[in-house]
Amino acid sequence: MLRKSLFKLVLGIGLLTYMVVSAYANNPSATAEFINTSGQTLGTANVEQGPHGVLVRLHLEGLADEAGFHAIHIHTHGDCSDPGEGFMASGGHLNPDGMEHGLMRPSGPDAGDFPNIYVDENGNVNAELFTNYASLDGSVGARMLDDTGAAFVIHANPDDHYTQPIGGAGPRIACGEVHATSEIR
Ligand SMILES: [Cu+2]
């Protein structure tokens with residue numbers, strides 16, 4: 001008798017765990033492979049959309065000449081095909097509502113704004129970013145994966161989160177096109 005109810009309990013916990021895990025597995029997701037201005041691969045961003053925005057897990061290496069803080073934004077075109085020209089094909093910041101740039105700006109931020117990332121002295125970045133101003137399917141904030149897609153762009157300088165139009169972030173040093181890894185409605 002006891003053994004039977006124990007079995008049921010274990011079965012129940014197992015089923016519950018499966019349901020919770022599969023619910024998370026159904027979240028809209030995407031990935032981005034970063035390249036530098038020489039076209040060399042730097043690493044990956046994994047993007048997962050939750051109920052309140054998107055979480056970006058960033059793992060990069062090979063940026064030893066760039067130690068320090070750097071701006072990172074969501075740009076409006078998923079096109080990193082021009083590394084030699086400084087990734088201008090990625091367009092401007094994701095900003096469908098025409099907000100001012102800057103997380104600290106009274107009339108901001110634009111939907112592409114993030115806090116800065118830090119490149120360590122070995123040229124590595126390991127960071128998690130979150131925004132509720134944008135999402136993969138547009139269910140929270142601006143839609144990233146519209147007709148033109150989206151890209152993450154890293155700049156040469158930190159973002160001061162205030163100055164127009166890009167917080168003094170300077171040239172673009174790395175770019176990653178955002179590609180869906182789940183169905184995006
Ligand atoms: Cu930017």
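Just so it is clear, the structure is predicted and the values come from calculations on it, not from any experiment. (Residues numbered from 1 in each chain as written. Predicted model: local features only at pLDDT ≥ 70, side-chain atom pairs only at ≥ 80, totals over all residues.)

Peer 1: I'd like a rundown of the overall build of the protein chain, residues and numbers included.
Peer 2: The number of helices and strands found in the protein chain is one helix and eleven strands. The secondary structure elements of the protein chain, listed N-terminal to C-terminal, are α-β-β-β-β-β-β-β-β-β-β-β. Across the protein chain, contacts joining residues at least 24 apart in sequence account for 58% of those joining residues at least 6 apart. (Helix = DSSP H or I, 4+ residues; strand = E, 2+ residues; numbered from the N terminus. Contact = placed C-beta atoms within 7 Å.)

Peer 1: Residue-level account of the sheet that holds strand 5 (residues 72–75), with values.
Peer 2: Strand order in the open sheet made by the seven strands is 5-10-11-1-2-3-7, with antiparallel pairing throughout. Edge positions in the open sheet fall to strand 5 and strand 7 (125–131), since each of these has one partner strand only. Looking at each pair of strands side by side, their axes are set apart by 20° on average, direction ignored. Sheet topology note: the strand 5/strand 10 (residues 151–155) ladder contains four bridges and is antiparallel. (Pairing = 2+ DSSP bridges. Axes fitted to C-alpha atoms, helices over the stretch in contact; angles between N-to-C directions.)

Peer 1: Break down the environment of P109 for me, citing the residues and quoting the values.
Peer 2: Relative to the helices and strands, P109 resides in the loop between strand 5 and strand 6 (117–119). Sequence separation of P109 and M99 is ten residues, and the distance between their C-alpha atoms is 6.1 Å.

Peer 1: So what about the pairing of strand 3 (residues 53–60)? Which residues, and what values?
Peer 2: The pairing of strand 2 (residues 41–50) with strand 3 spans eight bridges and is classified as antiparallel. Looking at the pairing, G50 lines up with G53 of strand 3. Between the antiparallel neighbours strand 2 and strand 3 lie two residues.

Peer 1: Let's hear about the pairing of strand 2: which residues, and what values?
Peer 2: Summarising the sheet, strand 1 (residues 29–36) and strand 2 pair through seven bridges and their orientation is antiparallel. Following the sheet pairing, I35 is matched in strand 2 by T41. Taking the residues between adjacent antiparallel strands as the criterion, strand 1 and strand 2 are bridged by four residues, where G39 takes a positive phi near 85°.

Peer 1: So what's going on with the environment of T131? Which residues, and what values?
Peer 2: Relative to the elements of secondary structure, T131 occurs in strand 7. Overall, the presence of 24 C-beta atoms within 10 Å leaves T131 in the buried class. Here the alpha-carbon distance between T131 and L55, two residues 76 residues apart in the chain, equals 6.9 Å. Setting aside anything within four residues of it in sequence, one finds T131 in contact with G53, V54 and F114. (Buried ≥ 20, exposed ≤ 12 C-beta atoms within 10 Å, placed from the backbone.)

Peer 1: I'd like a rundown of unusual backbone geometry, residues and numbers included.
Peer 2: For the bond from G108 to P109, the omega torsion is -10°, close enough to zero to count as cis. Of note, the bond from Q164 into P165 is cis; its omega dihedral lies within 30 degrees of zero at -5°. Summarising the element assignment, P165 is placed in the loop between strand 10 and strand 11 (172–180). Notably, F87 is not glycine yet its phi reads approximately 60°, a positive angle. The topology assignment puts F87 in the loop between strand 5 and strand 6.

Peer 1: Quick rundown of the nonpolar core? Include the residues and the values.
Peer 2: Judged by nonpolar contacts, the single largest core of 39 residues is most densely connected at V47, A134, M144, F152 and V178. Those elements that provide at least two residues to this core are strand 1, strand 2, strand 3, strand 5, strand 6, strand 10 and strand 11. With near-sequence residues (within four places) excluded, M144 lies in contact with I74, L94, A134, S135, L136, A150 and V178. (Core = buried A, V, L, I, M, F, W, Y, C linked by C-beta atoms within 7 Å.)

Peer 1: Break down the environment of H161 for me, citing the residues and quoting the values.
Peer 2: Secondary-structure assignment places H161 in the loop between strand 10 and strand 11. The residues touching H161, leaving out its near neighbours within four places in the chain, are G102, L103, M104 and G167.

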